[in-house]
Amino acid sequence: MNIALEKFNKDFKKFALDNNFVINNIDVYIQAFTHTTFANENKMVSNERLEYLGDAILYFLTGEYIYKKYKKMPEGEMTKKRINFVCANANEYYAKTLGLDKLLLLGVGEEREHGRSKKNVIADLFEAFIGALYLDHENLNDCRMIFERVVFPCIDNNKIFDYDFKSELQEFIQAENKKSVEYRLIHEEGPAH
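Numbers given for residues are sequential positions, taken from 1 along each chain in its written order. Since the coordinates come from a predicted model, pLDDT governs what is reported: local features require at least 70, and pairs of side-chain atoms require 80 or more to be given and counted, while whole-chain, interface and lining totals use all residues. Each side-chain value is derived from all of the structure's non-hydrogen atoms; neither hydrogens nor water enter the calculation.

Quick look at the overall build of the protein chain
Next, step 1: Secondary structure counts use DSSP, requiring at least four H or I residues in a row for a helix and at least two E residues in a row for a strand, with both numbered from the N terminus. Within the protein chain, the secondary structure is distributed over 11 helices and zero strands.
Next, step 2: Overall, the protein chain shows an N-to-C arrangement of helices and strands of α-α-α-α-α-α-α-α-α-α-α.
Next, step 3: Here the protein chain holds 193 residues, and 40% of them are scored as buried.
Next, step 4: Here the contacts in the protein chain between residues at least 6 apart in sequence split such that 66% fall between residues at least 24 apart. Relative accessibility decides the category of a residue: with a 1.4 Å probe and only protein chains considered, values under 20% of the type maximum give buried, values over 50% give exposed, and everything between is partly exposed. In what follows, a contact means two residues having at least one pair of non-hydrogen atoms within 4.5 Å.

Considering the packing of aromatic side chains
Next, step 1: Only the six-membered ring of Trp is used, alongside the rings of Phe and Tyr, when aromatic pairs are assigned; centres must lie within 6.5 Å, and planes under 30 degrees apart are stacked while those over 60 apart are edge-to-face, with the rest tilted. Scanning the model with the defined rule gives 19 aromatic pairs in all.
Next, step 2: Here Y93 and F161 contribute two aromatic rings whose centre-to-centre distance is 5.4 Å and whose plane-to-plane angle is 50°, an arrangement assigned as tilted. Linking Y93 in helix α6 (residues 88–98) with F161 in the loop between α10 (152–156) and α11 (165–177), this pair joins segments that are 68 residues apart in sequence.
Next, step 3: Here a set of aromatic residues connected by ring pairs shows up, and it is made of Y65, F85, Y93, Y94, F126, F147, F152 and F161.
Next, step 4: In this structure, K69 is placed above the aromatic ring of Y70, and the distance from its NZ or CZ to the ring centre is 5.8 Å.
Next, step 5: By definition here, charges over rings are those cases where NZ of Lys or CZ of Arg is within 6 Å of the ring centre and within 35 degrees of the ring normal. Between K159 and the ring centre of Y93, over which it is positioned, the NZ or CZ distance is 4.8 Å.

Some words on the pattern of salt bridges
Next, step 1: Put simply, a salt bridge is a Lys or Arg side-chain nitrogen that is within 4 Å of an Asp or Glu carboxyl oxygen. In this structure the tally under the stated criterion is eight salt bridges.
Next, step 2: Measuring nitrogen to oxygen at the nearest pair gives 2.5 Å for the salt bridge that ties K7 to D11. Note that K7 and D11 are positioned in helix α1 (residues 3–18) at a spacing of four residues, about one turn of the helix.
Next, step 3: Residue K7 is classed as exposed on the basis of its relative accessible area, which comes to 51%.
Next, step 4: We classify D11 as partly exposed; its relative accessible area is 23%.

Quick word on the environment of F33
Next, step 1: Within the secondary structure, F33 sits in the loop between α2 (26–32) and α3 (36–42).
Next, step 2: The exposure class assigned to F33 is buried, which follows from its relative accessible area of 0%.
Next, step 3: Measuring from C-alpha to C-alpha, the distance between F33 and L105 comes to 5.7 Å, with 72 residues separating the pair along the chain.
Next, step 4: In this structure, F33 is in contact with F8, F12, L100, L103, L104, L105, L125 and F129, ignoring residues within four places of it in sequence.

Let's talk about the confidence of the model for the protein chain
Should pLDDT be low for a region, the predicted coordinates there are not to be read in detail.
Next, step 1: Per residue, pLDDT captures the predictor's confidence, and it can take any value from 0 to 100. Per-residue pLDDT for the protein chain has a mean of 91; in total, 88% of the residues score no lower than 70.
Next, step 2: When mean pLDDT is compared element by element in the protein chain, α2 scores highest at 98, while α11 scores lowest at 65.

Focus: α6
For an α-helix the count is 3.6 residues per turn, leaving residues at separations of three or four pointing the same way.
Next, step 1: Regarding α6, the residues found buried are A90, N91, E92, Y94, A95 and L98.
Next, step 2: Those residues of α6 that are buried are in contact with α1, α4 (48–69), α5 (75–85), α8 (119–137), α9 (141–150) and α10.
Next, step 3: Positive backbone phi, at 85°, marks G99, one or two positions downstream of α6.

Structural data, given as structure tokens:
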């Protein structure tokens, strides 16, 4: 077995013990923590498909929590609130709070390029982990337990991860003047991104 995978197995078992969940199938967690670069170097499957599943679970559990907690909040406000807690900044925070970034399996080049500290890499890892946790237990109970530790306290404390200044400005102007905002590009410089 690959040395990195041996270390992962040992470290992840400790992580599961510390976080009070049972590992039924270590392979699904190996996939969740396998970045594309590591997968390519080791002929493995990356965590991208699990990100998809975890993202859906993140939206659902966060939406469900907001729906139950804020009984009089209108749909539009609930949507805005949920967006704040399911963005890349939030996912990165959750992953680092749990220490998932320390377990990530990266390719040699990505490790050299500090992939372990790239926001999108770590944010995607949180989603993949949630997807794996769901598949391993075939229910949402352990996912909820993780959310109770890292996601729901952020909602309760109104932590700001993704403030949308443009929408705030538009809402303010429309409330004051009943007019819409028009945007015009004045100047563009620098390389195309």
